[in-house]
Amino acid sequence: MAVATEVVCSKLLKSGLLEVLVRDRWHKVSANLNGEALTLSCEDLGDNVTCNVFTNGSYGNDTSDSDPANSPKAAVRTTSTDLPEQVPESIANRKRCVKVIKQEVGGLGISIKGGKENKMPILISKIFKALAADQTQGLYVGDAILSVNGVNLRDATHDEAVQVLKRAGREVTLEVKYMREATPYVKRGSPVSEIGWETPPPESPRLGSPSSPTSSPTSSGLSLQSLSKTFPLQMSYVTRSMTSPDPEDRQVELHSPDCRHCVVLRCANSPSARAWFCAMQSVTACLALQVLTRLREITAGTGIMGSREIRHLGWLAEKQQQNWKPVLLLVTESDILRYDSLPRRHQAWQSPTHTLPLLRIGLTHTLCPRLVYSASGRLAMRTGSRRGVETHHFRTESSQDLCLWSSAILSARHASVHRTREVATSCVYQSQRCQLVLHLDQGVSVLSEAEPGEGSAGPRTLLSYPFQRLQRSGDDGLRMLLLHFGGPEGEMQLDLQSCPKPLVFILHSFLSAKMASLGLVA
């Protein structure tokens, strides 16, 4: 996430000709970027663009094995057979109801295109001959399906329409309306309409301004003349070279908030790709600040995972096995919470896929040059746990991002130390059961445990040193913590009776916070 600037998001505009990757082929598109969304359009690009005939999802019956769309031998009615002039004038642009009896093999026997996300009604794009729909002799390629058994599809997405058709039962009543103006769309198709994108359910609005629950610039109106698609940028992730090889450094990737969809764009050259990337990232950064503000408002008083304060929010790429995957990180006052996708409900924020306690985190970071594009960053988070050291490798998109994340995590870790102030754990020192205490002001102390019985004195201080005296620390990876303060006792060997890594990392966090409080570099 880029450093936020005081820019009015609605005034951030950029447009131009790009290429988009659809089904392993590049297609020219007109791209327009505003302060809320990216719109890709195939309209007004002339005859140089190849818009392949496609089926934006097919529906036969509930099993793909008997789906007629999967059979190369099935005879099909398309716009080449159902010519507009052959459709009776008496039914054009008039609503009518057609009853279809599903067959055991082949289901309804139709394919559909369109949907709300494509700014199109649900259209019949193919009718398979000799199957149920064809046998009615009352349906045509180019019919818009308005409802199924009374279920309104006028504002449905493609996936919603497929699900309604699947659940319709054996007897299906289709309310349809033939639309001549839809014939070019059904025949030609649009590459951008094949690109999948997240459609949040209405009961799970995006985090945005309180007055605008959806914060989506996409109009609910469906246009037959527009071969375009709009991708909302709120909490989308802009990156490069994650899912597609980019040896020429010309590509920009846009990942949906649910991390299930990706738009890969290719620019004319590397400087153009960098300009588009920076412009899109600026928009997403501006929108992310709105989400962060809103998230703080709706969690006020309740917090997330027990933390009252939310300090930072954004996307990073995490290396999982051999691949980079987008992950959402939320920095609170006590932990770093990792999510595989953007949570849609308040309860979902309480269930991260992974929790990294700030007191037990260590950071290392490096810059990695990338061709002519500015250096990206690598951020390694090492966490001390009972199983040893766990390492998570993350990638930022620029050196500025790397500095932003490092600063946010480091300051949150120091704040966590100041809020905690003291950590104590049992140990054995010189065959005596003791308490090892880390205190932000008093340093490191070893206290003998009070003996039970009447008149027993409280814990006795065996050793106590300020953090400034610590010369060396280490551990054996099993149970022993080794500390050397330069005192007469030499190297202290403390048996923690469990893996020492958590306490080692906590000690380093205390040291870092102490150095920062003294004005030293931590």
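Quick note: structure is the one above.
Residues numbered from 1 in each chain as written. Predicted model: local features only at pLDDT ≥ 70, side-chain atom pairs only at ≥ 80, totals over all residues. Heavy atoms only, no water.

1. Some remarks on the overall build of the protein
Right, on to step 1. Along its length, the protein carries seven helices and 29 strands.
Right, on to step 2. When each of the 522 residues of the protein is scored for burial, the buried share is 51%.
Right, on to step 3. Sequence-distant contacts, at least 24 apart, represent 59% of the contacts inside the protein between residues at least 6 apart.
Right, on to step 4. Of the accessible surface of the protein, which amounts to about 24200 Å², a share of 49% is contributed by carbon and sulfur atoms. (Helix = DSSP H or I, 4+ residues; strand = E, 2+ residues; numbered from the N terminus. Buried < 20%, exposed > 50% of the residue type's maximum accessible area, 1.4 Å probe, protein only. Contact = heavy atoms within 4.5 Å. Areas by Shrake-Rupley, 256 points an atom, 1.4 Å probe, with all protein chains shown as cover.)

2. A look at the side chain of K229
Right, on to step 1. Among the structural elements, K229 can be located in strand β12 (residues 228-232).
Right, on to step 2. Setting aside anything within four residues of it in sequence, one finds K229 in contact with L38, T39, L40, E117, N118, V192, S193, I195, G196 and W197.

3. Overview of unusual backbone geometry
Right, on to step 1. You will see that A130, though not glycine, has its phi angle at about 75°, which is positive.
Right, on to step 2. Tracing the sequence through the fold places A130 in the loop between β8 (120-128) and α1 (132-136).
Right, on to step 3. Take A130: its relative accessible area is 52%, and that puts it in the exposed class.
Right, on to step 4. The residue S241 is not glycine, and still its phi comes out positive at about 55°.
Right, on to step 5. Inspection of the secondary structure assignment puts S241 in the loop between β13 (237-239) and β14 (251-255).

4. Overview of the sheet that holds strand β24 (residues 432-439)
Right, on to step 1. Reading across the sheet, the seven strands line up as β26-β25-β24-β23-β29-β28-β27 and stay open at both edges, with antiparallel pairing between neighbours. Whereas interior strands pair on both sides, the edge strands pair on one side only; in this sheet they are β26 (460-465) and β27 (472-475). If you compare each strand with its neighbour and ignore which way they point, the axes differ by 30° on average.
Right, on to step 2. In this structure, β24 lies alongside strand β25 (residues 443-448), joined through six bridges in antiparallel fashion. Bridged to H439 within β25 is G443.
Right, on to step 3. Strand contacts of helix α7 (residues 501-517): β23 (422-429), β24, β25, β27 and β28 (480-484), with the helix running at about 35° to β24, the strand carrying the most contacts. (Pairing = 2+ DSSP bridges. Axes fitted to C-alpha atoms, helices over the stretch in contact; angles between N-to-C directions.)

5. A look at the sheet that holds β12
Right, on to step 1. The seven strands lie next to each other as β12-β3-β2-β1-β15-β14-β13, forming an open sheet whose pairing is antiparallel. The sheet is open, and its two edges are formed by β12 and β13, each paired on a single side. Adjacent strand axes in the sheet meet at a mean angle of 30° when their direction is disregarded.
Right, on to step 2. Across four bridges, the pairing between strand β2 (residues 25-33) and strand β3 (residues 37-41) is antiparallel. Note on β3: the bridge partner recorded for A31 is L40.

6. Section: the packing of helix α6 (residues 399-420) against α7
Relative placement of two packed helices is described by the angle separating their axes and the distance separating the axes.
Right, on to step 1. Remark: α6 packs on α7, axes separated minimally by 9 Å, with the N-to-C direction vectors making an angle of 95°. Classified by the angle their axes make, α6 and α7 are roughly perpendicular. Two secondary-structure elements touch here, α6 through L410, R413, H414, V417 and H418 and α7 through S509, F510, S512, A513, A516 and S517. (Parallel < 35°, antiparallel > 145°, perpendicular 65-115°, else oblique.)

7. What to know about the packing of aromatic side chains
Right, on to step 1. This model, assessed by the stated rule, comprises six aromatic pairs.
Right, on to step 2. Measuring from ring centre to ring centre gives 6.4 Å for Y140 and Y178, while their planes differ by 70°; the resulting arrangement is edge-to-face. Of this pair, Y140 sits in the loop between α1 and β9 (143-148) while Y178 sits in strand β11 (residues 171-178); the two residues are 38 residues apart in sequence, bridging distant segments of the chain. Here the two residues Y140 and Y178 agree in accessibility, since each one is buried.
Right, on to step 3. Judged by centre distance (5.2 Å) and plane angle (80°), the ring pair of W197 and F231 falls under edge-to-face. In this pair, W197 sits in the loop between α3 (183-188) and β12 while F231 sits in strand β12, placing the two residues 34 residues apart along the sequence. Considered together, W197 and F231 belong to a single accessibility category, that of buried residues. (Phe/Tyr/Trp six-rings, centres within 6.5 Å; stacked < 30°, edge-to-face > 60°.)

8. A few points about the nonpolar core
Right, on to step 1. L436, L483 and L494 are the most contacted members of the largest nonpolar core, which has 28 residues in total.
Right, on to step 2. Breaking this core down by element, the ones donating at least two residues are β23, β24, β25, β26, β28, β29 (491-495) and α7.
Right, on to step 3. Not counting residues up to four positions away in its chain, the partners in contact with L436 are V423, A424, T425, C427, V444, S445, V446, L481, L494, L496 and L503.
Right, on to step 4. Formed by 26 residues, the second largest nonpolar core is a distinct cluster that contains L38, V238, V263 and L265. (Core = buried A, V, L, I, M, F, W, Y, C linked by side-chain atoms within 4.5 Å.)

9. Overview of the pattern of salt bridges
It is possible for side chains of opposite charge to pair when their charged atoms get near one another.
Right, on to step 1. On inspection of all chains with the given rule, the structure shows 18 salt bridges.
Right, on to step 2. Across the salt bridge formed by K501 and D475, the nearest N and O atoms sit 3.1 Å from each other. Placement of the pair is K501 in helix α7 and D475 in strand β27, with a sequence separation of 26 residues.
Right, on to step 3. Via salt bridges that share partners, E19, E248, R250 and R266 belong to a single interconnected network. (Salt bridge = Lys/Arg side-chain N within 4 Å of Asp/Glu carboxyl O.)

10. A look at helix α2 (residues 158-166)
At 3.6 residues per turn, the α-helix brings residues three or four places apart onto the same side.
Right, on to step 1. Along α2, the residues classified as buried are H158, A161, V162, V164 and L165. Viewed end-on, α2 has its buried residues packed into an arc of 160°, placing them on one side of the element. (Arc of directions from axis to C-beta.)

11. Describing a nonpolar patch on the surface
Right, on to step 1. Taken together, the side chains of M515, L518 and L520 define a hydrophobic patch exposed on the protein surface, amounting to about 270 Å² of accessible area.
Right, on to step 2. Tracing the backbone through its elements, the reader meets L520 in the segment after α7.
Right, on to step 3. Among the residues examined, L520 registers a relative accessible area of 49% and is labelled partly exposed. (Patch = residues over 30% accessible without salt bridge, like charges linked within 9 Å, V, L, I, M, F, W, Y side chains within 5 Å.)

12. A word on the pairing of strand β7 (residues 110-115)
Right, on to step 1. Taken across its six residues, β7 has six buried, putting it largely inside the fold.
Right, on to step 2. Sheet topology places β7 next to β8; five bridges connect them, and they run antiparallel. Across the sheet, residue I112 finds its bridge partner in β8, namely I124.

13. Considerations on α7
Right, on to step 1. Look at α7: 24 Å from first C-alpha to last across 17 residues, which is about the 24 Å you get at 1.5 Å a residue.
Right, on to step 2. For α7, the buried fraction is high: 13 of the 17 residues fall into the buried class.
Right, on to step 3. Trailing α7 by a residue or two, G519 shows a phi angle of about 80°, which is positive. (Expected span 1.5 Å × (residues − 1).)

14. Some details on the environment of L482
Right, on to step 1. Following the sequence through the fold, L482 ends up in strand β28.
Right, on to step 2. For the pair L482 and D495, spaced 13 residues apart in sequence, the C-alpha separation works out to 9.0 Å.
Right, on to step 3. For L482, the contacting residues outside a window of four places in its chain are R472, S473, G474, D475, E491, M492 and Q493.

15. Points about the pairing of β8
Look at any regular strand and the pattern is simple: side chains alternate between the two faces of the sheet.
Right, on to step 1. Across the nine residues of β8, eight count as buried, placing the element largely inside the fold.
Right, on to step 2. In textbook terms, the turn of a hairpin is the stretch between consecutive antiparallel strands, and for β7 and β8 this stretch comprises four residues, one of which, K119, has a positive phi near 55°.

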